[in-house]
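Structural characterization, general
Residue strings, one per chain:
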Amino acid sequence: WYEVLPAPNGKTQVRAAEVIVTVPDANAQVWVQGKLMSMTGRERVFVSPPLESGYSYSYEIRARWSDGQDTVERTRSVPIRMGERVHVDFTRPAK
């Protein structure tokens, strides 16, 4: 149901955050910090390693899917903090 993400920057860790990724195609490929994730489905839940309180972290999330005969690829930089739940929706334009 979820995958554990790679650590964002090697700091000492203590508590996790959750990143929910929505993609337009259940077979889309999703990378986090350059690592291809194995989950499939339109909504995917990733749990970070434990994060240290008081620090801000950032994950780069890239998604690639087919839209008819075209391949679409989008990348988002996602800020997170310990204990947060962040939603990244590739079905909508970036804010």
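Preceding this section is the structure that the text describes.
Residues numbered from 1 in each chain as written. Predicted model: local features only at pLDDT ≥ 70, side-chain atom pairs only at ≥ 80, totals over all residues. Heavy atoms only, no water.

**Observations regarding the overall build of the chain**
When helices and strands are tallied, the chain shows zero helices and eight strands. Taken from the N to the C terminus, the helices and strands of the chain come in the order β-β-β-β-β-β-β-β. Per-residue burial over the chain gives 38% buried out of 95 residues. Of the contacts formed within the chain by residues at least 6 apart in sequence, a portion of 65% connects residues at least 24 apart. As presented, the chain carries roughly 5800 Å² of accessible surface, and 45% of it is formed by carbon and sulfur atoms. (Helix = DSSP H or I, 4+ residues; strand = E, 2+ residues; numbered from the N terminus. Buried < 20%, exposed > 50% of the residue type's maximum accessible area, 1.4 Å probe, protein only. Contact = heavy atoms within 4.5 Å. Areas by Shrake-Rupley, 256 points an atom, 1.4 Å probe, with all protein chains shown as cover.)

**Notes on the packing of aromatic side chains**
A complete count under the given rule lists one aromatic pair for this structure. The ring of Trp31 has Arg62 lying over it, and the distance from NZ or CZ to the ring centre is 3.9 Å. (Phe/Tyr/Trp six-rings, centres within 6.5 Å; stacked < 30°, edge-to-face > 60°. Lys NZ or Arg CZ within 6 Å of the ring centre and 35° of its normal.)

**A look at the sheet that holds strand β6 (residues 56-67)**
Strand order in this open sheet of four strands is β4-β3-β6-β7, and the pairing throughout is antiparallel. Among the strands making up the open sheet, the edge pair consists of β4 (35-36) and β7 (70-81). Bridge count for strand β3 (residues 29-32) against β4 is two bridges, and the pairing is antiparallel. Bridge pairing in β4 links Trp31 to Leu36. (Pairing = 2+ DSSP bridges.)

**As for the layout of surface pockets**
The space that makes up the largest pocket amounts to roughly 280 Å³. What lines the largest pocket is Arg76, Ser77, Val78, Pro79, Val86, His87, Val88, Asp89, Arg92, Pro93, Ala94 and Lys95. Where the lining of the largest pocket is concerned, the elements lending two or more residues are β7 and β8 (85-89). Among the residues making up the lining of the largest pocket, the classes are represented as six nonpolar, two polar and four charged. (1 Å grid on protein atoms, 1.4 Å probe; cavity = no way out; pocket = protein on both sides within 12 Å on 5 of 7 lines; lining within 4 Å. Points joined across faces, edges and corners; volume = space filled by probe spheres on them. Nonpolar A, V, L, I, M, F, W, Y, C, P; charged D, E, K, R; others polar.)

**Structural notes on the environment of Ser56**
Mapped onto the fold, Ser56 is located in strand β6. Sequence spacing of Ser56 and Arg81 is 25 residues, and the spatial spacing of their C-alpha atoms is 5.1 Å. Beyond its immediate stretch of four places on either side in the chain, Ser56 contacts Ile80 and Arg81. A polar contact is formed between the side chain of Ser56 and the side chain of Arg81, at a distance of 2.8 Å. (Polar contact = N/O pair within 3.5 Å; in protein donor to acceptor, adjacent residues only side chain to side chain.)

**With respect to the nonpolar core**
Formed by 22 residues in total, the largest nonpolar core has its most connected members in Val21, Val23, Val30, Ile61, Ile80, Val88 and Phe90. Apart from residues no more than four positions distant in its own chain, Phe90 is found in contact with Val21, Thr22, Val23, Pro24, Ile61, Ala63, Trp65, Arg74, Thr75 and Arg76. (Core = buried A, V, L, I, M, F, W, Y, C linked by side-chain atoms within 4.5 Å.)

**So, the side chain of Thr22**
By the secondary structure assignment, Thr22 is in strand β2 (residues 18-22). In this view, Thr22 contacts Arg42, Glu43, His87, Val88, Asp89, Phe90 and Thr91; residues no more than four positions away in its chain are not counted.

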